[in-house]
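Residue-level structural notes
Okay, here's what each chain looks like letter by letter:
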Amino acid sequence: MADKAYLCTPKKTVKLQVFSEISALRSFLAPLRSPSRPIGLVPTMGALHAGHLALIAQSKQHNPLTVASIFVNPTQFNNAADLEKYPRMPEADTAMLQAAGCDVLFCPSVAEMYPVPSALTMDFGNLNRILEGEFRPGHFSGVGLVVAKLFNIVQPARAYFGQKDFQQLMVIRQLVSELCIPVEVMAVPTLREPDGLAMSSRNLRLTPAERAKAPVFYETLQYAQAAIKTKKPWSEIRQEAAMKVAATGFRLEYLALATQPNFQLTENVTDSQPKVLLIAGYAGNVRLIDNLIIE
Ligand code: AMP
């Protein structure tokens, strides 16, 4: 629930300002930024859907000026084919942002963001070594790098991230905390399709047959949550989950249970510590992730 102190009065829709150069964006934002006029930033990789628009809507509620960025960041792709096939639809994205009342779009080229290949890498410790960190080597280093750049370019008071990428949210929180970046990280709940599939730009790459079966990842999370409540041993839950996913012809990469808020993997289904279930798998060639905070 939004803190009332953040709420902004609705304003007339203005034309979306689009920038592809860092210097032009900085010059535009400098006179508009002040403690009483905070900027909200929504970093994205485009191919926008209602999940992204939920982030924009939150930012608009809290801040008089919202900047969305669209940048398919090569340094966070550990798989060249995934980078190449990532959906790109700039015209449709621009129209969606305009209709959503976003104020500014920053859509830089790769050369603008990385004029020289970046030598800097970031290691987030435990987060780098488990789950997404383990299965996508280098991914969080690239995420940390590009988000740090975006924070320095836009200098937002708040930045909005989806719980859909739960581990990424932990990475951003660690980045902000360890580097003392004066940005408030805001988490937005996952938006889902009516059949439960978490909205994702990657869903566009699913064939109709794959799309029909894709809710299995969310169903498996729900099954695991219910099984945890009966205190079924984690090894059995894990095995049954793998069979559920395999029955669709998809491949389960991991189903994991992590403690909150310190994000340690656990198999303990009996203690009362808050936890989150996380899943990743392949629907054909398309890698999907999802998670469920255990209630
Ligand atoms: P992406 O364009 O996939 O990098 O996502 C940009 C931002 O939108 C990230 O903070 C994501 O976590 C968030 N996001 C993506 N999908 C969803 C969703 N279904 N619900 C809420 N937020 C989402």
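Summary of the structure given here. (Residues numbered from 1 in each chain as written. Predicted model: local features only at pLDDT ≥ 70, side-chain atom pairs only at ≥ 80, totals over all residues. Heavy atoms only, no water.)

**Some thoughts on the site of the ligand**
Worth spelling out the cut-off: The criterion for a residue being near a molecule or strand is simple. One of its heavy atoms has to lie within 4 Å of it. Whenever a nitrogen or oxygen atom comes within 3.5 Å of another N or O atom, the pair is scored as a polar contact, on the condition that within protein one atom can donate a hydrogen and the other can accept it, and that pairs from neighbouring residues in sequence are kept only if both atoms are in side chains. Note on areas: Shrake-Rupley, 1.4 Å probe, and residue coverage restricted to the protein chains presented here. Helix and strand definitions here come from DSSP, where helices need a minimum of 4 consecutive H or I residues and strands a minimum of 2 consecutive E residues; each element is numbered from the N-terminal end. Each residue gets one label: Ala, Val, Leu, Ile, Met, Phe, Trp, Tyr, Cys and Pro are nonpolar, Asp, Glu, Lys and Arg are charged, and the others, such as Gly, are polar.
Close contacts around the ligand come from 17 residues, with H52, G162, D165, L191 and M199 the closest. Between the ligand and D165 there is a distance of 2.6 Å, counted from an oxygen atom to a side-chain nitrogen or oxygen. In this structure, M199 approaches the ligand through a main-chain N or O atom, which is 2.8 Å from a nitrogen atom. Summarising the interface, the protein chains cover 93% of the accessible area of the ligand, which totals 480 Å² for the free molecule. Going through the elements one at a time, β2 (39-44), α2 (50-62) and β5 (158-162) are the ones with two or more residues in the shell around the ligand. Per-element accounting of the shell around the ligand gives the leading share, 3 residues, to α2. Here the residues of the shell around the ligand are counted per class, giving 8 nonpolar, 7 polar and 2 charged.

**Re the nonpolar core**
Soluble globular proteins: nonpolar side chains tend toward being buried together. The condition is simple: Side-chain atoms within 4.5 Å link the members of a nonpolar core, which is a set of buried Ala, Val, Leu, Ile, Met, Phe, Trp, Tyr and Cys residues. Residue burial is assigned from relative accessible area. The probe radius is 1.4 Å, only protein chains are included, and a residue is buried under 20% of its type maximum, exposed over 50%, and partly exposed in between. Each domain's extent is set by a domain assignment, obtained either automatically or from a database.
Counting 48 residues, the largest nonpolar core has M113, F151 and F263 as its most contacted members. Of all the elements, helix α8 (residues 139-154) adds the most residues to this core, at 10 residues. Each of domain 1 (17-188) and domain 2 (201-294) contributes no fewer than three residues to this core.

**Focus on the side chain of D82**
Inclusion rule: Residue contacts are counted whenever heavy atoms from the two residues lie within 4.5 Å of one another.
Locating D82 in the fold gives a position in helix α3 (residues 80-85). If sequence neighbours within four positions are ignored, D82 has contacts with F77, R136, R202 and R205.

**Side note on the packing of helix α1 (residues 22-29) against α8**
For any two helices packed against each other, one specifies the crossing angle of their axes together with the interaxial distance. The condition is simple: Axis definition: a line fitted to C-alpha atoms, over the contacting stretch in the case of helices. Angles run 0 to 180 degrees between N-to-C directions. These descriptions rest on fixed angle ranges, namely under 35 degrees for roughly parallel, over 145 for roughly antiparallel, 65 to 115 for roughly perpendicular, and the rest for oblique.
Between α1 and α8, the least distance of the axes is 9 Å, while the angle of their chain directions is 45°. The orientation of α1 relative to α8 falls into the category oblique. Residues I22, L25, R26 and L29 of α1 lie in contact with α8, whose contacting residues are N152, I153 and V154. For the contact of α1 with α8, the per-class residue count stands at 5 nonpolar, 1 polar and 1 charged.

**What about the pattern of salt bridges?**
What counts is decided by this rule: Any carboxyl oxygen of Asp or Glu that lies within 4 Å of a side-chain nitrogen of Lys or Arg is treated as forming a salt bridge with it.
Taken as a whole, this structure holds 11 salt bridges when the rule is applied. A salt bridge links R287 to E132; the shortest N-O distance between them is 2.8 Å. Of this pair, R287 sits in strand β9 (residues 286-293) while E132 sits in helix α7 (residues 132-135), placing them 155 residues apart in sequence. E132 matches R287 in its accessibility class, with the two residues each being buried. The shortest N-O distance in the salt bridge between R287 and E253 comes to 2.7 Å. Of this pair, R287 sits in strand β9 while E253 sits in strand β7 (residues 251-259), and the two are 34 residues apart along the sequence. Judged by relative accessible area, which is 13%, E253 ranks as buried. One salt-bridge network, held together by shared partners, links D82, R136, R202 and R205.

**A closer look at α1**
What counts, and what does not: Think of the arc as the fan of directions from the helix axis to the C-beta atoms.
All of the buried residues in α1 are I22, L25 and L29. The arc that holds the buried residues of α1, viewed along the axis, is 70°, so those residues lie on one side.

**Notes on the sheet that holds β5**
Applicable threshold: If DSSP finds at least two bridges between two strands, the strands pair.
The 6 strands are arranged β1-β4-β3-β2-β5-β6 in an open sheet whose pairing can be described as parallel. Strand pairing shows two members of the sheet lacking a second neighbour, β1 (17-19) and β6 (184-188), which therefore form its edges. Strand-to-strand twist in this sheet, taken as the mean axis angle between neighbours without regard to direction, amounts to 25°. In this fold α1 packs onto β1, β2, β3 (65-70) and β4 (104-106), with an angle of close to 155° to the strand it touches most, β4. Each of β2, β3, β4 and β5 touches α8; the most contacted strand, β2, lies at about 150° to it.

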